[in-house]
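Below, each chain spelled out in residue letters.
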Amino acid sequence: MRRVVVVGYGMAGARLADELRRRDPDVSVTVVGAEPHAAYNRVLLSTVVAGTMTPESTRLHDERWAAEHGVDLRVGCEVLEIDRSARTVELDSGELVPYDALVLATGSTPWVPPAEGLVEDGVLAPGVVAFRTLDDCAEIEAKAHRGAPVVVLGGGLLGIEAARGLAGRGCLVTVVHPVGHLMERQLDPDAGHVLARTLGGLGIEFRLNSTAAKYLPGDGLVLDDGTHLPAELVVVSAGVRAETSLARKAGLTVDRGIVVDDALRTSDPRVHAIGDCAQHPGTVSGLVQPAWDQAAVLADRLTGANPAARYRGTSVVTRLKARDVDLAALGDVHTGVDCPDSEVLCFQEPSRGRYAKLVLRDDRVAGAIVLGAPDAAATITQLYDRGIPAPTDRLALLLGRALPAEAASPADLPSSAVICRCNTVSKGQIVSAWRAGAESLPQLAEATRATTGCGGCKDAVCGLLDWLGASQPAPA
Ligand SMILES: Cc1cc2nc3c(=O)[nH]c(=O)nc-3n(C[C@H](O)[C@H](O)[C@H](O)COP(=O)(O)OP(=O)(O)OC[C@H]3O[C@@H](n4cnc5c(N)ncnc54)[C@H](O)[C@@H]3O)c2cc1C
């Protein structure tokens, strides 16, 4: 029997265990996870910080699931070494675990800016917390009381989600960001400024083009321009680095991440890598959708369900999960209006928190930023997913009025329309699962996994369920 050992019980490792079992009840699966918890949905941590979800409700699966599915699960246990010639991994208990196929799903670790005093003796100083794990959330929650001055280091997606959650708890939040506008990976400067204005209206302050120079425990932060920011809590959300130390030590090829090919093989064909730690050409890492797509492909290959399966990349749509702010960004958003081979349209209404930018190439959506206009975001995302020509009335498209009102009905969506992005679940898959008997939201989630990622598609799935229920017996 084939022995598969998975290093890392995070979102990619837990999903892979699940995918392996769905395909093959007999393959031997061992999962080793350094965190002391059962696997949880990291994407939902911002909602835990915001106080709208409990840590328990983020759970993916646990020891009971592992026991029921015959998975050898080692929680709170670290892999220290890989011996590629003996084909074993060494655990921190000293035990050697043999493998036929090894999968690295070691994720990524927060990057801490090099400000004096943030790190003491190799660990974060008191009052400084990273934003990566459930334990980090518990520490943030313990310190984030109403009226507490809090500084968030980093104005990227996660920093903003943390800031919004903390402001919602009544903390006095300042975001320090080294670049001139927020979320510069996903937004152009104008969109970044509209976002900052919207968040400013929700009580969050910003120090852009600023870096932390010195941390004074119990007092606050000194910025590079000498400004002093009082802080009872500093949340570090300044980016992540792929966790590659184990792979590097084992002599595997490592660049920004562990280099893998379309078969998700590293430079040693018996060792694979998926999720945040993996570097696949053309794939944006640090997001869950690629990690889960990769887990499905690798499970196909390792169980023999589809030995020819290949991972070809994931087209990612970024959504901000922050109460009262609706933001989606996709594809190439940095093309300027003067680019000769693209049609670029912009609309902005900062006072109402609205901004839309659309990049079209050969009449198709190549990129977009849509802030404060959820209807436009939904239509543009569908056009992007389907790769079909955009309607000629571009202005209507930007304003979310490109399709007649009745086209918003689930009945008019094509079967290929992606409903749940985190899990890449289409309308067609939801309809098939419903026809096979999954007639409630939990049953549909179990059958297709729709809604089990960031949860942003729940309304759409409920809309489909209502439509399916109303159109019994035979929806299109
Ligand atoms: C607050 C927050 C919000 C996010 N929001 C979104 C979002 O909205 N959309 C999105 O797409 N993505 C989001 N992400 C990113 C997403 O969570 C990651 O892309 C995803 O978790 C990657 O899964 P992974 O399994 O590769 O890594 P992880 O989930 O980080 O899991 C890696 C696991 O491996 C363990 N490990 C590492 N080394 C070892 C070792 N040697 N031995 C044993 N175990 C080891 C680690 O302890 C960890 O538990 C968010 C992340 C955070 C922190």
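Residues numbered from 1 in each chain as written. Predicted model: local features only at pLDDT ≥ 70, side-chain atom pairs only at ≥ 80, totals over all residues. Heavy atoms only, no water.

## A word on the pattern of salt bridges
Phase 1: In the structure shown here, the tally under the stated rule is 26 salt bridges.
Phase 2: The partner of Arg449 in a salt bridge is Glu19, with the nearest N and O atoms 3.1 Å apart. Taken together, the positions of Arg449 in the loop between helix H12 (441–448) and helix H13 (458–470) and Glu19 in helix H1 (residues 11–23) put the pair 430 residues apart, joining distant regions of the chain. Per residue, the accessibility class of Arg449 equals that of Glu19, and both read buried.
Phase 3: Arg394 serves as the salt-bridge partner of Asp363, at 2.6 Å between the closest nitrogen and oxygen. With Asp363 in the loop between strand E28 (354–361) and strand E29 (364–371) and Arg394 in helix H10 (residues 394–398), the pair connects residues that are 31 residues apart, well separated along the chain. (Salt bridge = Lys/Arg side-chain N within 4 Å of Asp/Glu carboxyl O. Helix = DSSP H or I, 4+ residues; strand = E, 2+ residues; numbered from the N terminus. Buried < 20%, exposed > 50% of the residue type's maximum accessible area, 1.4 Å probe, protein only.)

## Comments concerning the environment of Pro414
Phase 1: Residue position: Pro414 is located in the loop between H10 and strand E30 (418–420).
Phase 2: Separated by 244 residues in the primary sequence, Pro414 and Gly170 have C-alpha atoms spaced 43 Å apart.
Phase 3: Once you skip the residues sitting within four places of it in the chain, Pro414 turns out to touch Arg386 and Lys427. (Contact = heavy atoms within 4.5 Å.)

## Concerning the sheet that holds E28
Phase 1: Taking strand neighbours across the sheet as the criterion, the five strands line up as E25-E26-E29-E28-E27 in an open arrangement whose pairing is antiparallel. Each end of this open sheet is capped by a strand with a single partner; those strands are strand E25 (317–319) and strand E27 (343–349). For this sheet, the mean angle separating the axes of adjacent strands, direction not counted, is 15°.
Phase 2: Pairing between strand E26 (residues 327–331) and E29: five bridges, direction antiparallel. Its bridge partner being in E29, Leu330 is matched across the sheet by Ala368.
Phase 3: Most of the contacts of helix H9 (residues 374–386) go to E29, to which it runs at about 155°, and overall it touches E25, E26, E28 and E29. (Pairing = 2+ DSSP bridges. Axes fitted to C-alpha atoms, helices over the stretch in contact; angles between N-to-C directions.)

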